[in-house]
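Below, each chain spelled out in residue letters.
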Amino acid sequence: MEKIEHTTVSTNGINMHVASIGSGPVILFLHGFPDLWYSWRHQLLSFAELGYRAIAPDLRGYGDSDAPPSPELYTVFHIVGDLVGLLDSLGVDRVFLVGHDWGAIIAWWLCMIRPDRVKALVNTSVAFNPRNPSVKPVDALRALFGDDYYICRFQEHGEIEEDFAQVDTKKLISRFFTSRSPRPPCIPKAVGFRGLPDLPALPAWFTEQDVTFYADKFNQKGFTGGLNYYRALNKSWELSAPWAGLQIKVPVKFIVGDLDITYHIPGTKEFIHGGGLKKHVPFLQEVVVMEGVGHFLHQEKPEEVTDHIHGFFKKF
């Protein structure tokens, strides 16, 4: 870990913290919520040894990167702009791209509107979700799961932050990362995150040292930056109308755990395996469903995920 270099890059009006290691073809790793560059610690070290330059930023709002306060500044276009500026600042023309969770959503968009910057994509957890012209995404989720669904709960600025503040951050991080239930996460206001039961012992893949690293960063930064991605969902939908129906035309491999909550959203399995994903991502070459694996698959099964990524990228 001490071999990983840490720099700050000015991009798109913010300062972005970047972790990197190695030399060779560049792989850009994008994390999700509630996560950091640290999410890719295993892959950074492994790909450096495999002859790549591995780069993982703290995305806007997270860790040691700037966190503008307004949700209006967290649309997919802001984040894609940050990444294009990052590549320009680093003098990198095209990258291999890997995303997870919100990082996967951003990766789909980077490939859609700037395919000239991406050689190939391995995306994990969150399948591409084509724009529905008749309903905003938060409204659709509210209709599907109700007001207690976590994304709906995240919408009101300050409310969920206050809820989080009543829980020890280490406990909160542990719960986010080690939950194994594929059921929709619904948190009634009367219960809140503070009312959730304690989890059993940490799994071997997520140590007390990992928990402390995350908790320290989120205690310093707060959760608002990460929550603002959810609060900008409808704004991103409004702005994305010009790209409705546009296909993603880069080579793609998609990986998901069969216990991932995203895989159990109604209609998702049918979309992935029934031709819907291939329709929107015509250069989709592989779909991998990892058995017995949850949402944070790249941390839970780091060597296996690294092998999947490397096996795909070495074709190019």
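In every chain, residue numbers begin from 1 and rise along the written sequence. Given that the model is predicted, a residue must reach a pLDDT of at least 70 before its local features are reported, and side-chain atom pairs must reach 80 or more before they are shown or counted; all residues, however, enter totals for whole chains, interfaces and linings. Remark: hydrogens and water are excluded; side-chain values derive from all non-hydrogen atoms of the structure.

## A short note on the packing of helix α7 (residues 169-178) against helix α8 (residues 208-221)
Part 1 of the argument: Lines fitted to C-alpha atoms define the axes, with helix axes restricted to the stretch in contact, and inter-axis angles between N-to-C directions lie between 0 and 180 degrees. For helices the rule is a DSSP run of H or I covering at least 4 residues; for strands it is a run of E covering at least 2, with both sets numbered from the N terminus onward. α8 packs onto α7 with a crossing angle of 115 degrees between their chain directions and a minimal axis gap of 9 Å. Between α7 and α8 lies a crossing of right-handed hand. Residues Thr169, Lys170, Ile173, Ser174 and Phe177 of α7 form the contact with α8, whose own contacting residues are Glu208, Val211, Thr212, Tyr214, Ala215, Phe218 and Asn219.
Part 2 of the argument: Grouping the amino acids of the contact of α7 with α8 by side-chain chemistry returns six nonpolar, four polar and two charged. Note: crossing handedness is left-handed where the near helix turns anticlockwise from the far helix by less than a right angle, and right-handed where it turns clockwise. We call two residues in contact whenever any of their non-hydrogen atoms come within 4.5 Å of each other. Any residue outside Ala, Val, Leu, Ile, Met, Phe, Trp, Tyr, Cys, Pro, Asp, Glu, Lys and Arg is labelled polar, Gly included; the first ten of those are nonpolar and the last four are charged.

## A short note on the pairing of strand β1 (residues 5-11)
Part 1 of the argument: In this scheme, strands are said to pair when DSSP sees at least two bridges between them. As paired elements, β1 and strand β2 (residues 14-21) share seven bridges and run antiparallel to each other. Its bridge partner being in β2, Val9 is matched across the sheet by Met16.
Part 2 of the argument: The loop that links β1 with its antiparallel partner β2 comprises two residues; one of these, Asn12, has a positive phi angle of about 55 degrees.

## As for helix α14 (residues 302-313)
Part 1 of the argument: How far a helix is expected to stretch is found by multiplying one less than its residue total by 1.5 Å. When the terminal C-alpha atoms of α14 are compared, their 16 Å separation across twelve residues agrees well with the 16 Å that a helix rising 1.5 Å per residue should span.
Part 2 of the argument: The classification of residues rests on relative accessible area computed with a 1.4 Å probe and restricted to protein chains. Under 20% of the type maximum is buried, over 50% is exposed, and intermediate values are partly exposed. Buried residues of α14: Pro302, Val305, Thr306, His308, Ile309, His310, Phe312 and Phe313, and no others.

## A look at the pairing of strand β6 (residues 118-124)
Part 1 of the argument: Of all seven residues that make up β6, six are buried, and the element is covered over most of its length.
Part 2 of the argument: Both strand β5 (residues 95-100) and β6 contribute to a ladder of six bridges, which runs parallel. Within β6, the position partnered with His100 by the bridge is Thr124.
Part 3 of the argument: Following the backbone out of β5, through helix α3 (residues 102-113) and into the adjacent parallel β6, one traces a crossover that is right-handed.
Part 4 of the argument: Two strands pair when backbone bridges link them, and β6 and strand β7 (residues 252-257) are joined in this way by four bridges, in the parallel orientation. Its bridge partner being in β7, Thr124 is matched across the sheet by Ile255. Every crossover in which the path from the first strand over the helix to the second runs clockwise, viewed with the strands pointing away from the viewer, is termed right-handed.

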